[in-house]
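The chain contents come next:
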Amino acid sequence: MNIETIKSGVKISSPVMISYIALGVACGIVLYDAGVTVLGIGIMSFFVYAGAGQFLAASMIVLGASIPSVILMVFFLNLRHVLMSASLSSFVKEKSIGFISLFSHVLTDESYGLNYTKFRDGNWSPEEAMAMSLSTYATWVISTIVGGAVGSQFQVNTIIMNYALIAMFSCMLVLQFISLEHLIAGLVSAGTTVLLMVLIQHNISLVIATVFASFVGYYLEVRKNRRTKPDIEGSNEIE
């Protein structure tokens, strides 16, 4: 991985890195308030690396949840990464197992959105994708540690970070609306999430809505391809 590749990855990830600084510091503060040490915050960010999952873990710890239940809930919350990894696998399938393993570990919603968009547009290499993901990963880990250190010294109100998180995810969502099928899948996901949260009032609603919307999007994409394929074959026969 040369300097130009690293610069390219960092340049693309810079908006997310800025957001991660604010959110990471907030996450570190919340985790420290929940009783996690600064060292524990660093270890958690290094090995778990899941923003929403770490905020969820902090909430569950405050409520007195057991460690196994926290691990289980974070696992279910991040099941969506299986789908995201699968959609990116074709772009890195020629790389080594070590490369793919590290790339999978540093995958987040934001890095997925940026990498998928760049891969789709072309002129984006797996090395650039890795540089982009590692830069956001390092930013998050360092920011959460700083947040834990700040939380150990000062009392900070982090409620404004809720709006920053929503704004960042909204931006990432809009970038994915490249077709009617993607738009419908996004609306189905949002509608299903709201409905399930009202009915069962549990964070597992996010996982169920994500999986359901993914299947809806897949069905619409397959149906679209089936409609257009005969036209393509017919034009080839004429030629």
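These notes cover the structure that comes with them. Remember, it's a predicted structure, so these values are computed and weren't measured experimentally. (Residues numbered from 1 in each chain as written. Predicted model: local features only at pLDDT ≥ 70, side-chain atom pairs only at ≥ 80, totals over all residues. Heavy atoms only, no water.)

1. Overview of the nonpolar core
- In terms of nonpolar packing, the biggest core is built from 36 residues, with Leu31, Tyr49, Leu88, Phe103, Tyr112 and Trp140 touching the most fellow members.
- Put simply, the parts of the chain that give this core at least two residues each are helix H1 (3-33), helix H2 (38-47), helix H3 (51-62), helix H4 (67-77), helix H5 (80-92), helix H6 (97-105), helix H7 (109-121) and helix H8 (126-151).
- It is H8 that contributes the most residues to this core, six residues altogether.
- Not counting chain neighbours up to four residues away, the residues in contact with Tyr49 comprise Tyr20, Met44, Gln54, His105, Val106, Thr108, Ser133, Thr136, Tyr137 and Trp140. (Core = buried A, V, L, I, M, F, W, Y, C linked by side-chain atoms within 4.5 Å. Buried < 20%, exposed > 50% of the residue type's maximum accessible area, 1.4 Å probe, protein only. Helix = DSSP H or I, 4+ residues; strand = E, 2+ residues; numbered from the N terminus. Contact = heavy atoms within 4.5 Å.)

2. Looking at a nonpolar patch on the surface
- Residues Leu39, Ile43, Phe46, Phe47 and Val48 make up a contiguous nonpolar surface patch of roughly 510 Å² in combined accessible area.
- Secondary-structure assignment places Val48 in the loop between H2 and H3.
- Since its relative accessible area comes to 36%, Val48 is described here as partly exposed. (Patch = residues over 30% accessible without salt bridge, like charges linked within 9 Å, V, L, I, M, F, W, Y side chains within 5 Å. Areas by Shrake-Rupley, 256 points an atom, 1.4 Å probe, with all protein chains shown as cover. Salt bridge = Lys/Arg side-chain N within 4 Å of Asp/Glu carboxyl O.)

3. Here's the deal with the packing of H3 against H4
- At their nearest, the axes of H3 and H4 sit 9 Å apart, and the two run at 150 degrees to each other. One way to sum up the angle between H3 and H4 is to call them roughly antiparallel. Viewed along their axes, H3 and H4 form a crossing whose handedness is right-handed. When H3 is examined against H4, the residues Ala52, Gly53, Leu56, Ala57, Met60 and Ile61 are found in contact with a partner set consisting of Ser69, Val70, Met73, Val74 and Leu77.
- Class assignment for the residues of the contact of H3 with H4 results in nine nonpolar, two polar and no charged. (Axes fitted to C-alpha atoms, helices over the stretch in contact; angles between N-to-C directions. Parallel < 35°, antiparallel > 145°, perpendicular 65-115°, else oblique. Left-handed = near helix turned anticlockwise from the far one by under 90°. Nonpolar A, V, L, I, M, F, W, Y, C, P; charged D, E, K, R; others polar.)

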